[in-house]
Each structure stands twice: as C-alpha cells, then as structure tokens.
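What the coordinates show
As a plain string of letters, each chain reads:
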Amino acid sequence: MINTLALNVKTATVSTYQILKSSKLTWIGTLIFVIVTLMAVFAPYLTPYDPISQDPLAVLQEPSALHWMGTDSYGRDVWTRMLYGARISLFISVVAVVAAMIIGGALGIVAGYYGGRVDMMIMRVMDIMLSFPTLIMGLIVVAMLGASMTNLVIAIALTVIPKFARVARAPTLSVKKREYIEACYALGYSDIRIMVFHILPNVFGEVLVIGSLWIATAIRIEASLSFIGLGIKPPTPTWGGIIREGFNNFLDAPWIATYAGLAVLVVVFSLNLIGDGVRDAVDPKLRGE
Amino acid sequence: MQTQDEIILDVKKINKTFHSKKGFINPEVLKVRAVNDVSFQVKKGEVFGIVGESGCGKSTIGKCIMDLIPIDDGEMTFKGKNLRNLSKEDRAQVKQDLQIIFQDPYSSLNPRKRIGPTLMEPLLVYKIAKDKEMAEEIVQDIFKEVGLPEQAFWKFPHEFSGGQRQRIAIARSLILNPDLIVADEAVSALDVSIQAQILLLLKNLKQQRDLSYIFISHDMGVIRYFCDRVAVAYLGQIVEIQSVPDIFERPAHPYTKTLKEASPVPSYDPDRTFNVLEGELPSPSNLPSGCYFHGRCPKATEHCTKVMPDLMPYKDGMVRCHHPE
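Residues numbered from 1 in each chain as written. Chains lettered and ligands numbered in written order. Predicted model: local features only at pLDDT ≥ 70, side-chain atom pairs only at ≥ 80, totals over all residues. Heavy atoms only, no water.

Focus: the overall build of chain A
On a plain count of helices and strands, chain A comes out with 11 helices and 0 strands. Start at the N end of chain A and walk to the C end: the helices and strands fall as α-α-α-α-α-α-α-α-α-α-α. Counting only residues that meet the buried cut, chain A has 46% of its 289 residues in that class. Carbon and sulfur atoms make up 69% of the accessible area of chain A, which totals about 14300 Å². (Helix = DSSP H or I, 4+ residues; strand = E, 2+ residues; numbered from the N terminus. Buried < 20%, exposed > 50% of the residue type's maximum accessible area, 1.4 Å probe, protein only. Areas by Shrake-Rupley, 256 points an atom, 1.4 Å probe, with all protein chains shown as cover.)

What about the sheet that holds strand β9 (residues 229–234) of chain B?
Residue and element names in this part refer to chain B. The sheet built from 8 strands is open, its strands ordered β6-β7-β8-β3-β9-β10-β12-β11 with mixed pairing. Either end of the sheet is taken by a strand with one partner, and the two such strands are β6 (98–101) and β11 (312–314). Taking the axes of each pair of neighbouring strands and ignoring which way they run, one obtains an average angle of 25° across the sheet. Bridging between β6 and strand β7 (residues 180–184) involves 4 bridges; their strand directions are parallel. Bridge pairing links I101 to A183 in β7. (Pairing = 2+ DSSP bridges. Axes fitted to C-alpha atoms, helices over the stretch in contact; angles between N-to-C directions.)

Topic: the nonpolar core
Of all hydrophobic cores here, the largest spans 128 residues; its most connected members are W239(A), V146(B), I170(B) and F215(B). In terms of residue count, helix α4 (residues 78–114) of chain A provides more of this core than any other element does, 16 residues in total. Judged by nonpolar contacts, the second largest core, of 37 residues, contains V42(B), C56(B), M66(B) and I214(B). (Core = buried A, V, L, I, M, F, W, Y, C linked by side-chain atoms within 4.5 Å.)

Some thoughts on the side chain of R296(B)
Residue and element names in this part refer to chain B. Locating R296 in the fold gives a position in the loop between α9 (254–262) and α10 (302–306). On the basis of relative accessible area, R296 is assigned to the buried category, the value being 13%. A polar contact is formed between the side chain of R296 and the side chain of Y234, at a distance of 3.1 Å. Those residues in contact with R296 that sit more than four places away from it in its chain are E53, Y234, L277, E278, G279, E280, L281 and P282. (Polar contact = N/O pair within 3.5 Å; in protein donor to acceptor, adjacent residues only side chain to side chain. Contact = heavy atoms within 4.5 Å.)

Describing helix α8 (residues 179–186) of chain A
Buried residues dominate α8(A), accounting for 7 of its 8 residues. G188(A), located one to two residues past α8(A), shows a positive phi value of around 75°.

Some thoughts on the pairing of strand β8 (residues 212–217) of chain B
Residue and element names in this part refer to chain B. In terms of residue burial, β8 counts as a mostly covered element, since 6 of its 6 residues are buried. As paired strands, β7 and β8 are joined by 5 bridges and run parallel to one another. Bridging across to β8, I181 finds its partner in Y213. Between the parallel pair β7 and β8, the chain is carried across by helix α6 (residues 192–209), and the sense of this crossover is right-handed. (Right-handed = clockwise from strand over helix to strand, strands pointing away.)

Quick notes on the packing of aromatic side chains
Considering all chains together, one arrives at 11 aromatic pairs over all chains under this definition. Relative to F250(A), the ring of F247(A) lies with its centre 6.1 Å away and its plane at 35°, an arrangement referred to as tilted. Since its relative accessible area comes to 38%, F250(A) is described here as partly exposed. With a centroid separation of 5.2 Å and 75° between ring planes, the pair formed by F153(B) and W154(B) is classed as edge-to-face. When its relative accessible area of 1% is taken as the criterion, F153(B) is described as buried. The rings of F143(B), F153(B) and W154(B) are connected pair by pair, giving a single aromatic cluster. The ring of Y189(A) carries the charged tip of R193(A) above its face, separated from the ring centre by 5.8 Å. (Phe/Tyr/Trp six-rings, centres within 6.5 Å; stacked < 30°, edge-to-face > 60°. Lys NZ or Arg CZ within 6 Å of the ring centre and 35° of its normal.)

Observations concerning a negative patch on the surface
Residue and element names in this part refer to chain B. Side chains of D131, E133, E136, E137 and D141 sit close together on the surface and give a patch of like negative charge. If you trace the backbone, E136 turns up in helix α4 (residues 132–146). For E136, a relative accessible area of 31% puts it in the partly exposed group. (Patch = residues over 30% accessible without salt bridge, like charges linked within 9 Å, V, L, I, M, F, W, Y side chains within 5 Å. Salt bridge = Lys/Arg side-chain N within 4 Å of Asp/Glu carboxyl O. Lys, Arg positive; Asp, Glu negative; His and termini not counted. Charge placed at Lys NZ, Arg CZ, Asp CG, Glu CD.)

Topic: a nonpolar patch on the surface
Residue and element names in this part refer to chain A. On the surface, I128, F132, I136, L139, I140, M144, L145 and I154 cluster together to form a nonpolar patch covering roughly 700 Å² of accessible area. The element best represented in the nonpolar patch is helix α6 (residues 134–145), accounting for 5 residues. For I154, the position within the fold is in helix α7 (residues 149–175). Classification of I154 by relative accessible area gives partly exposed; the value is 32%.

Focus: the pattern of salt bridges
When the charged atoms of two side chains with opposite charge come close together, those side chains can pair. In this structure the tally under the stated criterion is 21 salt bridges over all chains. The partner of E182(A) in a salt bridge is K63(B), with the nearest N and O atoms 3.3 Å apart. Highlighted residues: E182(A) in helix α8 and K63(B) in helix α1 (residues 58–65), drawn from two different chains. Overall, E182(A) belongs to the buried group, its relative accessible area being 15%. You can call K63(B) buried: its relative accessible area is 18%. Across the pair K13(B) and D37(B) runs a salt bridge, and its minimum N-O distance is 3.7 Å. Separated by 24 residues along the polypeptide, K13(B) in strand β1 (residues 7–22) and D37(B) in strand β2 (residues 28–43) bring together distant segments of the chain.

Observations regarding the sheet that holds β2(B)
Residue and element names in this part refer to chain B. Strands sit in the order β2-β1-β4-β5 across an open sheet of 4 strands; the sheet is antiparallel. At either margin of the open sheet sits one strand with a lone partner, and together these are β2 and β5 (81–82). In the sheet, β1 pairs with β2 via 12 bridges, with the strands oriented antiparallel. The residue of β2 that forms the bridge with F18 is V32. Lying over the sheet, α1 contacts β1, β2 and β4 (73–78), oriented at roughly 70° with respect to β2.

So, in structure tokens, the structure goes:
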C-alpha cells in the first residue's frame, strides 16, 4: 500500500542549547557579558577604594599602578566607579529593555494580528510615543512620578516600547496570512493560543536581536537622563554619568570618558553576539550549518 | 461510490463579494464577486469535486465552508447544524468534524514548530488525549496511517520533502477524526509521481475512515480519477454539477466541454485539434450581462446576452445554460 518513505535527514535532534554551544562568537559574547556581570556583583572585592568618597589630593591622575584607570575631577578612582556603575547601568538597561520587549512585542503582535481598528489605535499611540524625544519623555515620567531608579526604568522602557511594537508588528502581518495560521483557524484555536504558540515563535528572533541593540541605547538614555538630573543623582556612579563627567575634562583627562565608553562598547558588542546567536538558535532552518 | 443519500453538507445560495479600493483621493470601489449564488450538496462518503480555471472562486468556496472567509449571505448546513449560527459547543464540534488540507505544503506547516507537537496540540486542546503520552500515541498511529516514519515526530517541517509535508498536512487534518475534509488543490503543488501517491493515500483513508471530501482542483485528470461528482465553477458561479462518468462522457455545459477538451490526454494524436475559446475571461469585477459565458460561447444566442440562466436540474445533474447538450 503506502511505502514508508526513508528520511534523508540526520535523525539526531539538535537542541537550542547545543546550537548556542557550537557557535564560537555566541560563546565569546556570553563570556564577556558574564564576566562584566560578575565584576559588577563582586565589585567590593576587586578594588580597595570607595566609589563615592572624594580625595582632593588625587584629582585627575593618569592611569597608574595605584589607579588602573586614573582618577576623576574629585579624585575618585575611575576603575572603582566603573565597577559600581556597572551594577546600576546594567540593571536599569536590561530591566527596561526586557520590560519594553515584552510589552512592545505583545502590543505589536496584537496590533498586527487583529488589524483594522485595534491596529490603528495601538500603532497611533505608538507613533505619539515615538514623537516624544527621549528627554521629554523622561521629563514627563519624572514630573509625574518623581525621580527614582524605578521611574528611570519606566521612562527608558516607554521610549523603547514603540520600537519593539513596530518590529513585532511587521512579521506578524506576514505570518498571519500564511496557511499554517489558517490551519489554526480551521482547528478552532483561540486567538490567544494562535498569537502565543504560533505567531510569537516566528517573531521572537527579530525582536530579540533588536533587543540586544537597544540595551546599548538604554545605557545611553540613562546617561543623558542622569546628566540633566532626572535619573540617578551624582555621586552614585553610573556608566552614563562617568562618561558625562569625563566629557567635561576630556582634554585634560581623556581616560575617564574613554574607559567608560569602551565599557559600553564591549557590553553592547557582547550582547549583539548573544542576540545573533540566539536568533540563529531559535530558527530551525539555520541549525546545524 | 456509496449509494447512501445522507447529505452531510448542504450549501444554499452563498455569496461572497470582495471589495477593494482603487485610488486615494476619490476611491473607486471595485467589487469582485468571488462566490456568486453557489449551491451544492455533499453526500456522506462521497468525493465532491470542484473544478475550474484560476480565479473562478473555487478556493474561496472551500474557505467559505471552513469559515476562513465570512460569507455575505446564504446558508450552509453541516450535519444538520447551521454553520453561520453556531453555539460554542457546536462550533467546537464542527471544527473537529470539518477539516482542510491546503495546496502548498511548504506554507501550511509552521516552520518554527516540530511536527509532533504541532499534531499533538489539537488533541490536547480538545481534550481527546488525557495527557501527552496518549497524544503522542495517537499521533504515531496517524503517522503509520499516512506513511510517515516514527522519527518524524521531533523534526521540523523543512527537513521533509514536499510529498512528506503533504502527508503531515493530511495527518493534521485527520487528527481530530473529521467527517468531511476540504482538500484545496491538495496535490497541485506536487510532482506527478507524488500526486499519485497522495491521491492513493487519500482514497485509502476515505475507505478506512468513512470520510467525505470536497476536492478542489483545476486538473480534470485528477478529478476524473478521484471524484464521484463534480461541480464546474466559472466566474464564481457553478455552471454544472454531474456525476464523474457523465460529465466526461456527455458534458452538458459548453464551458465544461471546452474544459474537458483542453485537458491533456495520455495518448499522442498529431491530428488532435483544440477547440480554443474565443475572447478573454471577463473580469470578475466587471461581469457581463446575461449568461457570464455568452461572450466566449459557441452556442450563444441573443437570449443568452440578456437573461442569466438558473442552475436547473438536467438529466441526472444540474446545469446553468439555456442550451445544454
């Protein structure tokens, strides 16, 4: 009757974890990010100095054996401030971007899936949010809720939500017209089931890669909001704050802003590597090559 | 062919018009009558074919039945239930009893989902399987039935050939144990040798499971092999319904006749002449008066240009023509 057709494919199933493991670049990215995170966590053990107390005798010193990254205009050790700053910068940017990714991604999928009026309403609200410059958005949030770390996270999340909504909506529009989604209707699945189990896996990769890029921007937004006094108040160290302070003395002491900028660069680079790897890992077609 | 006359699906005068806007400042609304006054009945255990050229609305008819496209008016009754007005429980039941196989096996399977879980999902949603182990067993049984290897369970769609994918799509449509399957060009995307395998599979499944099919195709050869009765669609209308031997031996509608003559035959005849239709297929957004076919019909009279014929009983079937043969 019917022949059982032989399969011309490898029988072993490759797990997402194995893919991540096999990609060297993803490993490097993960390693960098883990090291930076660990350094932030164990900051007190990695430096003898205090990040806040000032030393008028050691102002703007060049990098040396005593101060690996030099000192700033208040005589504080830059290496120490970088370590402690990583705690706040990483926390704020990661939390804000992950929150924005979930909310914006969900809004984008809902808008793309239902279309029509729902789409119109959600996307116009997103457009309005997009039209506010980051600083104005920050001002609004802080004016309404007051300045704190939570509100800084909210302000950053609000500015990136519309970007995620846009990124999630576009693939949803194309995916929902595919026959496998029609097959879901034919099987009588609920809208929520279709969106979560059938559309989301096809949208996830794009959102994730964009997410790794936006963490960099979140660090930058945190810096500019802190700079105008809407975020973390000095003397609490943040990477953005260190760059801003260093910028004032850039000609006399270029090391301050340079090291902090390099730190942002390295973290963003590692996140991009991770984002790329994860996208490849969740796309079954790219597996195994 | 079974002689039972129990009607499983009764479609009465359904209509679907698509509206599209042309222009921006002062949009001109184009109305495309994709399904125009379509009525037919499908008997239990039969294969009901719908044949026609591209754009005649045959796929739209299938999707209307599946409620993938909402109809404008008309009535559809499936196993005694009005499809347009279902209670929640009835709707869940109908979704299980009425399934569809799509044309393109490449886009009808979610590329991000493994085959096994895709097939297990409906069993768990409708609580046919108590747990995952039981669902897996049912899926493996279906795999055997449609000729898929056991290892297919944890694979992704892209790891299969077109024919195997279509087997998976068939397995998905069978998983809820339906009574009627709409096969929308189910073999058109496959090459000829695979077509034969899939048709044979569908035929065997029909006998084992007492299924009925609505088989939508543009291929007269496939229709002849597979169907019991056929409806011929032209510009959104059904112009003829006949049993398969009759429609090939004595087509009543002039369009059916040209459709039959245009399909390739397996013997080489250098003297074969083609009775090519004159004129172009009219646009469904700008339909002619009278009979839609009169502009291309060799038998058209003045009466045909003015009055639209009804779908009338003729011999053993139905035909929509003023001058049937």
